[in-house]
Every structure is written in structure tokens, then in C-alpha cells.
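Examining the three-dimensional arrangement
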Amino acid sequence: MVGPVTLWLAFFVAVPLLYVFVMSFCSLDQNYNVVFAFTLDNYARLADVNYIAIYMQSLLIAFLTTVICLGLAYPFAFLIARTVSKYKGVLYMLVVIPFWTNSLIRIYGWRTFLGANGWLNNALIALGIISEPLDLLFSKATTILGMVYCLIPYMVLPLYTAIEKLDKNLLEASADLGAKKLTTYRKIVIPLTASGIFSGSIMVFIPCLGLFFVSDILGGGNSDIIGNLIERQFQSGNNWPLGSALSIILIAVTLLLVKLYQKCGGDMESLGV
Amino acid sequence: MVEIIGVNKRYDHSNYVVKELNLDIYEGEFLTLLGSSGCGKTTTLRMVAGFEEPTSGSIKVNGINIDNQEAYERSVNTVFQSYALFPHMTVFDNVAYGLKIKKIKKDKIRESVTEILNMVQLGGFEKRYPSQLSGGQKQRVAIARALINQPQVLLLDEPLGALDLKLRKQMQLELKQLQKKLSITFIYVTHDQEEALTMSDRIAVMNSGILEQVGTPAEIYEKPVSKFVATFIGETNLFEGYVEKVDGQDVSITIESGIISASGEGFTEKELVAVSVRPERMKYSTVPVEGFTVEALVREQVYIGSILKTLAVLPNGNQIKIERLAGQEVPGTGKIFLYWDKADAKLIHSMDQVFFDKISNVRMGEEE
């Protein structure tokens, strides 16, 4: 049966992917035009030392972003899930509204805020705390800050769902059996919200490998990630086959992570699959 | 064993959930808090467990004030209505939870868990997860998990509510036997009056946050002190009226449909009262009996095995339930005169002003 969904998927997912896949085996002629001559050169070039350094950097940034997101999002998700008053909706909107706002705009917002002439520096100078503007932009830390900022809703929402599902009676039962709060968290809360921790982590880690504009705008070329490499090949580098090969690798890594997630008992539905 | 002293509970500015509750629970007794939903029985239990804090008043266990103890410090354990088994742990780990927290030695834990699981007839289920158990089995795990800590008091919050009728009956008996064997004080919350009558040493009937009556099942059934208790426990016929004449123990009462009699002490003439007569204590005759002038029409007679149920109607439309052992002589359908042994009727002080007005209007109409 070829239903409308199948057609839709074929047209918008399979065909572009196939195009990228084929492209990754093509070569360039002297004028940087793509020619359909089969080659594995593009893949061979991926092992370049400079590229490997960026992969590592990218993985490190993604890892740190995930850890920071988890640390910040868990208490917040807990707060939303356990709030019963009218503020519950307000707290929830605090997460969802940035989620709906264009992330490019929000990242530019950070640049304005942190820049040498930005609000933060101006405020600190006005308060007499510093005399010279601080160099806040263009470091790995600012890139991670932007990543955390962009991706934290993806961590909060699955955590919130998992915590919301947690039966409050279980916490009482644990206390009833003599467990202090911390023990209850360790033995009951964390294990039972592991699915949320898991899917939140994967939903932060994977996009973090590709959000090139964050490292572009806030990292200033000091903290390139895989996404930057790909973007450059398609834009300034004008080397589509190499960009395609990089994309294929990124997709492969993503699939591998999702597979791993599934293997560990992760719930595919909470990834929106 | 447990003393609840002048406990009030209210949330914010809303009404009292529990009001001025005083209740002593004795060592080794099976006490049931009985009432309909929202009567404050579960809140009371949760205050003893330490999940809720009384707004005022205090609670003592074994003579020691526990108001400042956190739930995890209290020597009471709870069996939750929803069982609240930890879904990510096996039966063994669930039951061992309390002992592990107390850092008991591993082989000692194993020994205790095995023993208690055998006691609740779940030997061999150690490695199962809660999702692999039936409702009754989950219930047993929940009980074992609480009992293994050797609590001074076991709190049970409608523990059988989710089970089907047959299993519930069976678990009622098992729980009662378990309680006798261990002689632990049980505080049991239920809305099921039959369950309360079957299992309890004493029943505390609660209504809208107020403790209406505490007593043995027989006391509660035979001598209800309020209209609520009379109607909530078992079936009853409630006649409301006012005292016409007091002659020693004998009290003559005027109701809308005539005169009835009952015995009781401490009643005064003109006082508003209610008379509760259980269906099995009701009698009827084709001729008037001294002290009674109430007529009724027999509507229906139904055999239910050993019992014959008769439904009669008073002139004002109120229905009267009568139960006799089958085989006893039954006057034919038609007009009957209702009566009973005075000692079988329970006279209750009433404060229903609306009803008083209604009665006095009727009487005045007659006099004109």
C-alpha cells in the first residue's frame, strides 16, 4: 500500500537523505562542480587530524551541555511537577515560550547581552564592579552556555513527564519505611525517572552536535562543532560531497546513539518517534 | 497505645477536615475508622503516619508525643490503598526495603524476608516484580513490607478496596487472623461498614470530620448514638418525632404517623428525638398494640432464602423495612400495625429543627 504518509515520507525524508548519501560518494572537478564519479575520498578525508580534533571538541561540548542541562532541568522539572497551585501553568510556560521562539534570535540576544558593549558589561561598569569590559564572548564556555540555553526545554519536558508520572504514594511509602529524603531520591525517585533522564539526555546530546549557529555566533570560531564543519563545506568551502560525507557520519552517530538508547530500555515514544 | 488528643486539621481557610478528635486506641486492638469518603478518616490515619501535620492537638504513641517526629522516624508503618509497591524492585527488595535502610546484615534480612513472605503465603515469589503479581498478591507484599519492620502500630488505608468481593472476604479473614497472631495494634480505614463489623474489635464512626461514636461492632449496631451512625451501619428504620411522655424508662413519642414507644434514659418531654429500629427487630400485627398507633400498608414481600423481607409504607409515604425468618407466620398483605419491643428500639437525641417545625404544624392542624 502506498498511502499518503508513505509518499510524504518518501518525498521529504527518503529522497533528500538518498541525495545526500549519493552526493557523499561524488567528486569535484577543477571548477568545484559536483561530478558523479564514484569515490571514497570524501570519507578518507574525514580522518584528518584537524577534523578529529573538532569531533572530539564537539562531543565534549555536547557532553558538558547534557550534564549541565540535566543538573539545571531536574530540580526545575521537579518543581513544575510538584507544584499544584495556579503557578504550575506559569512555570510550564517559562519553559515552553522560549521553546517556541526562534533560537537564532535568542542566541543573538545573548551576544548583545554578553558583548564588550553589552548590557552585562555596561551594568557591571556602571555599578563600579569592573573598570574594563570583560571578554565574555567567543569561548567554549559561551558556546556551552548558548547550547544549554537552546536545548534545556528538551531536557525539562521529558523529565517533567517522568516526574509527573511518579506516584506520590511511593515517596510516602519510602519515608514510612524509614528512608530520609536523600535516600528516597537515590533509591526511588532517580531510578523511576530514569526514562526521562535518558530521553532528555539524548534529546540534548544529539542536536548539540549540529547547532552550528550557536558556536558561530557565541563561540566565534573558537569552539567549532561537527555542525560547523558541515555548514562550511556547503557554504564557503563549496565542497558538497565532503559536507555530505560529514552529514552521513553525523546521521550514523545519531542512529547509533538512538539504538543504544533503545537497547538500554529507552522508550521511543518519549523521543517523539 | 495511640492517643489522639484534641486533634484538628484544616487546610488553609477551608472547613475542618478533622475536628476536635479525641481517640484512644488500645494495645493489640483492631480499630477501624469508618465513614464515607471525605469524613476525615484517611486524614486521621495520615496524621498518625506523619504524612500530614495536625493544625492543632497532639498524637502520642506508647505514651510518647510524636508530633515532632518525621514520618521516617515513627515506629508505625502503613499499608497504602494503592499498595505503593516500588515498581522497579522485586518482591524481595520491596519487602527488604525497610531493613536495608536500617542497615541490617544481609543474611539476617534474607532470613526475615523469607519468614514474612511465608507468613503471607508468598514464599517463592521473591524474584517477581510487582507488575507480575495479582491484586491480592500485591496486597500481601504491601502487608509484608510494612510488618517486617515490626511496627508498634500498623496503619491500613482501605487496603482491600481494589480487590474483588470474593478475594476481599478472604483477605478480611486473613488480616484478622494475622493481627491476632502478631497482636500488633491495627488502625484500619474503610468506608465499608460490613468490613468494619466483620474485622474490628472497636469501630470509630466518623462523619464530616467529627467522631460520632466509638464502640464494639455490637454497640455500634445495637446502640447507635446518632442518626448518622444508625443509618450508616446496616439497615434501619428511622422514626423522627418528639417526646410525648416520659414514664421512667418508657418513652412515648409522637411521630407524623402516630404514637410509638421506646425505652431510654435522659429524655425530656417535647424534646426532638429519632427512634432507630433494625428491620429484624420490627414486628407487625393486625390489631393495634399498646403504646403504638402507627399503621402501614404492606407493599411487597420477598423471600431471600432464610429471610422474608417485607416492605411497608406509612401514610406519609415513608418506607418501612421488616425482616422475619422465613416460615414464621405472616399476616396477609394489607393494613398492619407496627410495633416492637421497647428495648429493641434505640432512642436518639435529635436536633433537626426543620423536622420539629413540620411536626408541630401537623399537630396544630389537627387541633383546629
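The residue numbers shown here count from 1 along each chain, following its written sequence. Throughout, the order in which chains and ligands are written sets their labels, letters from A for the former and numbers from 1 for the latter. Residues qualify for local features only when their pLDDT is at least 70, as the model is predicted, and side-chain atom pairs are given and counted only at 80 or more; totals for whole chains, interfaces and linings, by contrast, use all residues.

**So, the overall build of chain A**
Put simply, the rule reads: Runs of H or I in DSSP of at least four residues are treated as helices and runs of E of at least two as strands, each being numbered from the N terminus. Here a residue counts as buried when 20 or more other C-beta atoms sit within 10 Å of its C-beta, as exposed when there are 12 or fewer, and as partly exposed otherwise, the C-beta atoms being derived from the backbone.
Summing up its helical and strand segments, chain A has 13 helices and two strands in all. On the principal axes, the C-alpha backbone points of chain A span a range of 75 × 65 × 35 Å. For chain A, with 273 residues in total, the buried portion stands at 31%.

**Considerations on the overall build of chain B**
Looking only at helices and strands, chain B has nine helices and 20 strands in total. Expressed along its principal axes, the backbone C-alpha trace of chain B runs to roughly 85 × 50 × 35 Å. Counting over 368 residues, chain B shows a buried share of 38%.

**Details of the sheet that holds strand S6 (residues 76-79) of chain B**
Residues and elements named next belong to chain B. Selection rule: Strand pairing is defined by DSSP finding a minimum of two bridges between the two strands. Orientation is described by axes fitted as lines to C-alpha atoms, over the contacting stretch for helices, and by angles from 0 to 180 degrees between their N-to-C directions.
Across the sheet, which stays open at both edges, the six strands sit in the order S6-S7-S8-S3-S9-S10 with mixed pairing between neighbours. Single-partner strands in this sheet number two, and they are S6 and strand S10 (210-215). The mean inter-strand angle of the sheet, taken between neighbouring strand axes irrespective of direction, is 20°. In this sheet, strand S8 (residues 185-190) lies alongside strand S7 (residues 153-157) in parallel orientation, the contact comprising five bridges.

**Focus on the packing of helix H2 (residues 91-101) of chain B against helix H4 (residues 135-147) of chain B**
Residues and elements named next belong to chain B. Filter applied, for reference: Comment on the angle field: the value is read as roughly parallel under 35 degrees, roughly antiparallel over 145, roughly perpendicular from 65 to 115, and oblique elsewhere. Two helices cross in a left-handed way if the nearer one is turned anticlockwise from the farther one by less than a right angle. They cross in a right-handed way if the turn is clockwise. Contact between two residues is assigned whenever their backbone-derived C-beta positions fall within 7 Å.
Where H2 meets H4, the axes come as close as 7 Å, and the angle between the chain directions of the two elements is 30°. On the basis of the axis angle, H2 is roughly parallel to H4. Here H2 runs over H4; the crossing is right-handed. Contacts between H2 and H4 pair Val91, Asn94, Val95, Tyr97 and Gly98 from the former with Val141, Ala144 and Arg145 from the latter.

**Digging into the pairing of S7(B)**
Residue and element names in this part refer to chain B. This is how it is decided: Here a crossover is taken to be right-handed if, once the strands point away from the viewer, the path from the first strand over the helix to the second is traced clockwise.
When you tally the buried positions in S7, you get five out of five residues, the bulk of the element. The two faces of S7 match: Val153, Leu155 and Asp157 on one face and Leu154 and Leu156 on the other face are all buried. Handedness of the crossover is the feature at issue here: the chain leaves S7, passes through helix H5 (residues 165-182), returns alongside S8, and the resulting connection is right-handed.

**Considerations on the nonpolar core**
For clarity, the cut-off: Only buried residues count toward a nonpolar core: Ala, Val, Leu, Ile, Met, Phe, Trp, Tyr and Cys, linked into one set through C-beta atoms within 7 Å. Boundary definitions for the domains trace back to an automatic or database domain assignment.
Residues B:Ala144, B:Ile187 and B:Val275 are the most contacted members of the largest nonpolar core, which totals 100 residues. Here this core spans two domains, since at least three of its residues come from each of domain 1 (2-227) and domain 2 (235-367) of chain B. Not counting residues within four places of it along the chain, the set of residues in contact with B:Ala144 comprises B:Val95, B:Ile116, B:Leu117, B:Val120 and B:Leu122. Among the nonpolar cores identified, the runner-up in size contains 43 residues, and A:Ile144, A:Leu159, A:Ile202 and A:Met203 belong to it.

**Remarks on the domain arrangement of chain B**
All names here are of chain B. The cut-off we apply is this: We call Asp, Glu, Lys and Arg charged. Ala, Val, Leu, Ile, Met, Phe, Trp, Tyr, Cys and Pro are nonpolar, and the rest, Gly among them, are polar.
Domain assignment breaks chain B into domain 1 (2-227) and domain 2 (235-367). Domain 1 and domain 2 are separated by 40 Å when their C-alpha centres are compared. Across the contact, five residues belong to domain 1 and six residues belong to domain 2. Split into classes, the residues belonging to the side of domain 1 that touches domain 2 amount to two nonpolar, one polar and two charged.

**Remarks on unusual backbone geometry**
Residue and element names in this part refer to chain B. Even without a glycine there, the phi angle at Glu158 is positive, about 40°. Within the fold, Glu158 resides in the loop between S7 and H5. A positive phi is found at Ser208, a non-glycine position, where the angle reads about 50°. In this fold, Ser208 is placed in the loop between strand S9 (202-207) and S10.

**Re the sheet that holds strand S12 (residues 250-255) of chain B**
All names here are of chain B. Pairing within the open sheet is antiparallel, and its five strands lie in the order S13-S12-S11-S14-S20. Edge strands, defined here as strands with exactly one partner in the open sheet, are strand S13 (258-263) and strand S20 (346-349). Taken over all neighbouring pairs, the strand axes of this sheet differ in orientation by 45° on average, direction set aside. Of the pairings in the sheet, the one linking S12 to S13 comprises six bridges and is antiparallel in character. Looking at S13, one finds that Val251 is bridged to Ala262.

**What about the interface of chain B and chain A?**
If you look at the interface, chain B gives 16 residues, while chain A gives 15 residues. Contributing elements (two or more residues each) for the side of chain B that touches chain A: S6 and H2 of chain B. For the side of chain B that touches chain A, the element with the most residues is H2(B), which contributes three residues. Of the residues contributing to the side of chain B that touches chain A, the split by class is nine nonpolar, six polar and one charged.

**Here's the deal with the pairing of strand S1 (residues 2-10) of chain B**
Residue and element names in this part refer to chain B. The pairing of S1 with strand S2 (residues 16-25) spans six bridges and is antiparallel. Looking at S2, one finds that Ile4 is bridged to Leu23. The turn joining S1 and S2, which pair antiparallel and follow one another in sequence, is formed by five residues; a positive phi near 45° is taken by Asp12. Where S1 and strand S4 (residues 56-61) come together, five bridges link them in antiparallel fashion. Bridge pairing in S4 places Val2 opposite Val61.

**Let's talk about the environment of B:Ser58**
Residues and elements named next belong to chain B. Note that Ser58 resides in strand S4. Taking C-alpha positions, Ser58 is 9.0 Å from Asn8, a pair spaced 50 residues apart along the chain. Leave out the neighbours within four places in its chain, and Ser58 touches Ile5, Asn65 and Asp67.

**A few points about helix H3 (residues 49-82) of chain A**
All names here are of chain A. Threshold: Expected helix span is taken as 1.5 Å per residue step, with the number of steps being one fewer than the number of residues. Think of it this way: the bend at a residue is just the angle between two axes, each fitted to seven residues, one set ending at that residue and the other starting at it.
If you check H3, its first and last C-alpha atoms are 49 Å apart, about what 34 residues at 1.5 Å a residue would give, namely 50 Å. Bending of H3 peaks at approximately 30° at the position of Ala73, with proline Pro75 no more than four residues after it. Against helix H4 (87-100), helix H7 (140-165), helix H10 (194-208) and helix H12 (226-234) lie the buried residues of H3.

**Regarding the confidence of the model for chain B**
Residue and element names in this part refer to chain B. The condition is simple: pLDDT gives the predictor's per-residue confidence on a scale running from 0 to 100.
When pLDDT is averaged along chain B, the result is 88, and 93% of the positions lie at 70 or above. Confidence drops under pLDDT 50 across residues 362-368; counting only partners more than four residues distant or on other chains, this segment forms one contact. Interface predicted TM-score (ipTM) for the complex: 0.79; the corresponding pTM is 0.77.

**With respect to the packing of H7(A) against helix H11 (residues 212-219) of chain A**
Residues and elements named next belong to chain A. Between H7 and H11, the shortest axis-to-axis distance is 8 Å and the interhelical angle comes to 135°. When the axis of H7 is compared with that of H11, the two are oblique. Here H7 and H11 pass one another in a crossing that is right-handed. Two secondary-structure elements touch here, H7 through Lys140, Thr142, Thr143, Gly146, Met147 and Cys150 and H11 through Val214, Ser215, Leu218 and Gly219. Here the residues of the contact of H7 with H11 sort into four nonpolar, five polar and one charged.

**Examining the environment of B:Val7**
Residues and elements named next belong to chain B. Its location among the elements puts Val7 in strand S1. Through-space distance from the C-alpha of Val7 to that of Pro54 is 6.2 Å; in sequence the pair is 47 residues apart. Apart from the residues lying within four places of it in its own chain, the contact partners of Val7 are Val18, Leu21, Met47, Pro54, Gly57 and Ile59.

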